[in-house]
Amino acid sequence: MFLEALGATMLGLALAWGAAYRLPHRLPSRGLVLSTGVAGALFGAFLTHTALGSGHFLVILAGAVIVSAALLSLLLRPAERFRRRSATA
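Keep in mind that what you see is a predicted model, and the values were worked out from it rather than measured.

Procedures and definitions
- Residues numbered from 1 in each chain as written.
- Predicted model: local features only at pLDDT ≥ 70, side-chain atom pairs only at ≥ 80, totals over all residues.
- Heavy atoms only, no water.
- Helix = DSSP H or I, 4+ residues; strand = E, 2+ residues; numbered from the N terminus.
- Buried < 20%, exposed > 50% of the residue type's maximum accessible area, 1.4 Å probe, protein only.
- Contact = heavy atoms within 4.5 Å.
- Areas by Shrake-Rupley, 256 points an atom, 1.4 Å probe, with all protein chains shown as cover.
- Polar contact = N/O pair within 3.5 Å; in protein donor to acceptor, adjacent residues only side chain to side chain.
- Expected span 1.5 Å × (residues − 1).
- Core = buried A, V, L, I, M, F, W, Y, C linked by side-chain atoms within 4.5 Å.

A. Up close: the overall build of the chain. For the chain, the count of helices and strands is 3 helices and 0 strands. When the helices and strands of the chain are placed in sequence order, the string is α-α-α. Looking at the 89 residues of the chain, the share that counts as buried comes to 30%. Within the chain, residue pairs in contact and separated by at least 24 positions form 69% of the contacts whose partners lie at least 6 positions apart. Total accessible area on the chain stands at roughly 6100 Å², and carbon and sulfur atoms take up 69% of it.

And the structure:
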């Protein structure tokens, strides 16, 4: 269980760092992004471990990455170039 949590933390941190590096203009502060990535990965690992039990290390890490990516996607803001003005403005 400790290795699952450590692996999920590292994967969530790597995923969040990559997102913050690639999309700094569409994400809030780097601290929020990194903490959301780690928290999402830990929650995903916990959820997957609870559903499957121990003995599925790679599947648990995959669940951690999926939940972390889903939470990080909720932080994305629309790009400036795609914003349209209303017809009345």
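B. Seen up close, the side chain of His49. Looking at the secondary structure, you find His49 in helix α2 (residues 30-52). At 3.1 Å, the side chain of His49 forms a polar contact with the side chain of Glu4.

C. Up close: helix α1 (residues 2-22). Its 21 residues place the ends of α1 30 Å apart at the C-alpha level, agreeing with the 30 Å of an ideal helix rising 1.5 Å per residue. Those residues of α1 lying buried are Glu4, Gly7, Ala8, Gly12, Ala16, Ala19 and Ala20. Where α1 is buried, its residues contact α2 and α3 (57-73).

D. Representation of the nonpolar core within the structure. The biggest cluster of nonpolar side chains holds 7 residues, and these are Ala16, Ala19, Ala20, Leu27, Val33, Leu72 and Leu75. The greatest single-element share of this core, amounting to 3 residues, is contributed by α1. Aside from chain neighbours lying at most four places away, what touches Leu27 is Ala19, Ala20, Val33, Leu72, Leu75, Leu76 and Arg77. Membership of the second largest hydrophobic core comes to 6 residues, among which are Ala8, Ala45, Ile60 and Ala64.

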